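Analysis of the macromolecular model
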Amino acid sequence: AQSVTQLDSQVPVFEEAPVELRCNYSSSVSVYLFWYVQYPNQGLQLLLKYLSGSTLVESINGFEAEFNKSQTSFHLRKPSVHISDTAEYFCAVSTDSSYKLIFGSGTRLLVRP
Amino acid sequence: SAVISQKPSRDICQRGTSLTIQCQVDSQVTMMFWYRQQPGQSLTLIATANQGSEATYESGFVIDKFPISRPNLTFSTLTVSNMSPEDSSIYLCSVPQGTEAFFGQGTRLTVV
């Protein structure tokens, strides 16, 4: 069975500081990896995804994540965060093209001025 | 990208009653998924809604509690039956399209 672990339930950072949100997964088969973001009182939005190819994937708003197969990780990073990045971030995996997702417990990113 | 409409967006219900949540997609999709997000927790898959056949439920979820209908390729309903306060959650439908999964805005259910 697959599982996703997000070790940090909350990450407080100051504006313009770098941030890393950690995600580790467990699976005996190949996986597709996703980061979703949930802004306050809004629905889930896809932030970025790894399906195959380059292990470094980027989003349009400056986030990036790197798939590390040997460490079974897919950590999310941003070199300089904004107040507007305050949200809940969920790491998720799927083992097939159905995109039936298994989610981690989420990390609340709190950006302070 | 798929546009998903869920109704109602929120509701407050009495324990022992049932609520049916609707999910409408703007395009035909083979699979639709129903998730639950309990307060302060992550999303958990309830079931896969299959068109023309019974839904496939994940461990810990049963049809009697969460009956699902899928009458066509653009619509599905999830019913939360005989509700208790523990059913207070956000319920979301999701559809895969292309290389990603899209989510509805969710239905925030409070059981009192």
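Look up: the structure comes first, before these words.
Residues numbered from 1 in each chain as written. Chains lettered and ligands numbered in written order. Predicted model: local features only at pLDDT ≥ 70, side-chain atom pairs only at ≥ 80, totals over all residues. Heavy atoms only, no water.

What to know about the state of the cysteines
Residue and element names in this part refer to chain A. The line we're drawing: Here, two cysteine sulfur atoms that lie within 2.5 Å of each other are counted as a disulfide. Elements are defined by DSSP. Helices are runs of H or I of four residues or more, strands are runs of E of two residues or more, and each kind is numbered from the N terminus.
Following the criterion strictly, the structure yields two disulfides over all chains and no others. The disulfide partner of Cys23 is Cys91, and the gap between their sulfur atoms is 1.9 Å. Residues Cys23 and Cys91 are joined through a disulfide that is left-handed, its torsion about the S-S bond being -65 degrees. Linking Cys23 in the loop between strand 3 (19–21) and strand 4 (24–26) with Cys91 in strand 10 (residues 87–94), this pair joins segments that are 68 residues apart in sequence.

Here's the deal with the interface of chain A and chain B
As a reminder, the rule being used: Residues count as neighbours in contact if any of their non-hydrogen atoms are within 4.5 Å of one another. Buried area is calculated as the accessible area (1.4 Å probe) missing from two parts once they are joined, with the contributions of both summed. Put simply, a salt bridge is a Lys or Arg side-chain nitrogen that is within 4 Å of an Asp or Glu carboxyl oxygen. Two N or O atoms form a polar contact when they lie within 3.5 Å of each other; inside protein one atom must be a possible hydrogen donor and the other a possible acceptor, and for residues adjacent in sequence the pair counts only when both atoms belong to side chains. Under the convention adopted here, Pro, Cys and the residues Ala, Val, Leu, Ile, Met, Phe, Trp and Tyr are nonpolar, Asp, Glu, Lys and Arg are charged, and Gly plus all remaining residues are polar.
In this complex, chain A contributes 17 residues to the contact, which on the side of chain B involves 18 residues. Taking both sides of the interface into account, the surface hidden between chain A and chain B amounts to around 1500 Å²; carbon and sulfur atoms contribute 56%. Area buried by chain A at its contact with chain B is led by Leu44, Tyr99 and Lys100 of chain A, which between them contribute 33% of it. Viewed at the interface, chain B and chain A are joined by two salt bridges. In this structure, Glu100 of chain B and Lys49 of chain A form a salt bridge, with 3.7 Å as the shortest nitrogen-oxygen distance. In this assembly, chain A and chain B are joined by four residue pairs in polar contact (both at pLDDT 80 or more). Among the elements of the structure, strand 5 (32–38) and strand 6 (44–50) of chain A are those that each provide at least two residues to the side of chain A that touches chain B. Partitioned by chemical class, the residues of the side of chain A that touches chain B number nine nonpolar, six polar and two charged.

Observations concerning the pairing of strand 11 (residues 107–111) of chain B
Residues and elements named next belong to chain B. Put simply, the rule reads: Between buried and exposed lies partly exposed: a residue is buried under 20% and exposed over 50% of the maximum accessible area for its type, with that area taken using a 1.4 Å probe on protein chains only. DSSP-based pairing: two strands are paired if at least 2 bridges between them are found.
The two faces of strand 11 differ: Thr107, Leu109 and Val111 on one face are buried, but Arg108 and Thr110 on the other face are not. Both strand 2 (residues 10–13) and strand 11 contribute to a ladder of four bridges, which runs parallel. Paired with Asp11 across the two strands is Leu109, which belongs to strand 11. Where strand 9 (residues 89–97) lies against strand 11, three bridges are found, and the strand directions are antiparallel. Bridged to Tyr91 within strand 11 is Thr107.

None of this, on its own, says anything about what the molecule does.
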